[in-house]
Amino acid sequence: MHVVKPIQILSRYCFLSIALCIVLIVNFKALATSFSDTRWQTIQSQGKNQPVYFYAWGGDPQINAYIQWVAEQVKAQYDIELVHVKLSDTSEAVSRVLAEKSANNHVQGSVDLIWINGANFAAMSKHDLLLKDWAQTLPNFALTDPNNNPAVNFDFGLPTNGMEAPWGQASLTFYYDSLAIDGSTTNQLPTTLNQLLTWSAQNPGRFSYPKPPDFLGMSFLKYALVVLHNNSDDELKAQLNQPATDKNTTEVLNPLWVFLNKLHPTLWRSGKHFMQSGAQMRRLIDDTELSIGFTFSAPEVPAAVQRFDLPTSTRSYAMHDGSLSNTHFVAIPYNASHAQGAQLVANFLLSPQAQAHKQKPTIWGDKTVLIQSMLNTQQQALFKTTQPHPSALPFNSIKRTLSEPHPSWVNAIMQGWQTRYGVSQ
């Protein structure tokens, strides 16, 4: 008589349990995929033929032209009428959505999609002004490899929680007139913040920065602040990634005010008047009033040279002590009238076609957020580049990136700057 041993019975049950778990996991994944596909089909069905009001900074002709190209593409694919509402500052869109919420307008908002920065994302998420849990469901979001690429899940150190879709990456890039900087002992190209201070003192009036709250002006001040704390102790340096408070503001910002007190007398118009924008800075370099400028859109430089807005002797470079860098995003307000259409646009912005077109130096040159290993051979081929323009930032120039400080430092810097330097402006 054959006797079945307990260990044999146990083994059979373990095998059946494992097999059942595998079947359940496979079925669950299939159901999740099916649900995701169905959800996206619904978004596509509801989002077609909708107007989408895209509130985005309108200060760069090259970027504006790219958004117009996007409008043509989504019109052809989805019959979406993409309207670029040009902003001088993103806070204008934030104020509009906040006003609508205060007026109990929770479903018919005028803003459908926003090109947003970290400070405004922090403000909007704090006041529950953004649509949640949509970005990670975009089919093209997977091409950013989010599980291994934290940059697409955090904005200025804050988790995005599906409220933003990444659009591109940018770094602070400097440019100069190579005919104006002759390489002599007193006129060598400054490649660090300290060298810039020395150079500006030796060449008074040849450098300046836009007045806060201009985005570029704030970017320069944040770059300076981060670099000035390079040699601070770890505890003080860590405050840059924490919210600004009454307790830590003075200690963290004091090195910046000391630096600016030295820099300002050497600036254009002796630091008593400041330009208003990056566009004005370009004009001053073209007019040979300034010798060094900077931008957060590196391709803006060769594009401006080709438009004859900058001299052909213009060259780009990255600071050796670091380049302030960040990933920029688009977001959908919680009360957007056309949230489905906005998601279709956001998904197109993440497509290999749109990302590759945007990365071309002659178009925008904004670095893609897609991970090449996630793309097939045909998609990777879209990103092959040709010979860059002489004024373009040389490949692999940026050796060290600097992370943006916590968004609350923007207000702290701006208020401190206005108190010290804004009265006579």
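Keep in mind the model is a prediction, meaning the values are calculated, not measured. (Residues numbered from 1 in each chain as written. Predicted model: local features only at pLDDT ≥ 70, side-chain atom pairs only at ≥ 80, totals over all residues. Heavy atoms only, no water.)

Examining the overall build of the chain
So, point 1. Looking only at helices and strands, the chain features 14 helices and 11 strands.
So, point 2. Projected onto the principal axes, the alpha-carbon positions of the chain cover approximately 100 × 50 × 50 Å.
So, point 3. Residues counted as buried form 49% of the 425 residues belonging to the chain.
So, point 4. A separation of at least 24 residues holds for 81% of the contacts in the chain among residues at least 6 apart in sequence.
So, point 5. Counting every atom, the chain has about 20,700 Å² of accessible surface; 55% of that belongs to carbon and sulfur.
So, point 6. Charged side chains of the chain number 30 positive and 30 negative; the gap between the two group centres comes to 5 Å. (Helix = DSSP H or I, 4+ residues; strand = E, 2+ residues; numbered from the N terminus. Buried < 20%, exposed > 50% of the residue type's maximum accessible area, 1.4 Å probe, protein only. Contact = heavy atoms within 4.5 Å. Areas by Shrake-Rupley, 256 points an atom, 1.4 Å probe, with all protein chains shown as cover. Lys, Arg positive; Asp, Glu negative; His and termini not counted. Charge placed at Lys NZ, Arg CZ, Asp CG, Glu CD.)

Quick notes on the pattern of salt bridges
So, point 1. Per the counting criterion, the structure on display carries 7 salt bridges.
So, point 2. The partner of Glu300 in a salt bridge is Arg282, with the nearest N and O atoms 2.7 Å apart. On the criterion of sequence distance, the pair formed by Glu300 in helix α10 (residues 300–306) and Arg282 in helix α9 (residues 278–286) is long-range, its members being 18 residues apart. Comparing Glu300 with Arg282, the two get one shared label, buried.
So, point 3. Notably, a salt bridge pairs Lys358 with Asp366, separated by 2.8 Å at the nearest N-O pair. (Salt bridge = Lys/Arg side-chain N within 4 Å of Asp/Glu carboxyl O.)

Considering the confidence of the model for the chain
So, point 1. Confidence in the prediction of the chain, expressed as mean pLDDT, is 89, and 91% of residues score 70 or more.
So, point 2. Taken element by element, the chain is modelled with least confidence in helix α1 (residues 6–47), mean pLDDT 63, and with most confidence in helix α11 (residues 339–349), mean pLDDT 98.
So, point 3. The model gives residues 28–33 a pLDDT under 50, and that stretch makes 0 contacts with residues more than four places away or in other chains. (pLDDT = per-residue confidence, 0-100.)

Digging into a negative patch on the surface
So, point 1. On the surface, Asp233, Asp234, Glu235 and Glu251 cluster together into a patch of negative charge.
So, point 2. Look at Asp234 and you get exposed, because its relative accessible area is 63%. (Patch = residues over 30% accessible without salt bridge, like charges linked within 9 Å, V, L, I, M, F, W, Y side chains within 5 Å.)

A word on the nonpolar core
So, point 1. With 55 residues, the main nonpolar core has Phe174, Phe220, Tyr223 and Leu260 as its most contacted residues.
So, point 2. Those elements that provide at least two residues to this core are β7 (173–177), α5 (193–202), α6 (215–228), α8 (249–263), α9, β8 (292–295), α10 and α14 (408–421).
So, point 3. The biggest single contributor to this core is α6, with 9 residues.
So, point 4. Apart from the residues lying within four places of it in its own chain, the contact partners of Tyr223 are Leu172, Phe174, Thr192, Leu193, Met319, Asp321, Gly322, Leu324 and Leu402.
So, point 5. Membership of the second largest hydrophobic core comes to 43 residues, among which are Val52, Ile63, Leu82 and Ala336. (Core = buried A, V, L, I, M, F, W, Y, C linked by side-chain atoms within 4.5 Å.)

So, α8
So, point 1. Over its 15 residues, α8 runs 21 Å from end to end, which matches the ideal 21 Å to within 8%, given 1.5 Å per residue.
So, point 2. Approximately 30 degrees is the largest bend angle found in α8, and it occurs at Pro255.
So, point 3. Residues of α8 that are buried make contact with α5, α6, α7 (234–238) and α14. (Expected span 1.5 Å × (residues − 1). Bend = angle between axes of the 7 residues up to and from the residue.)

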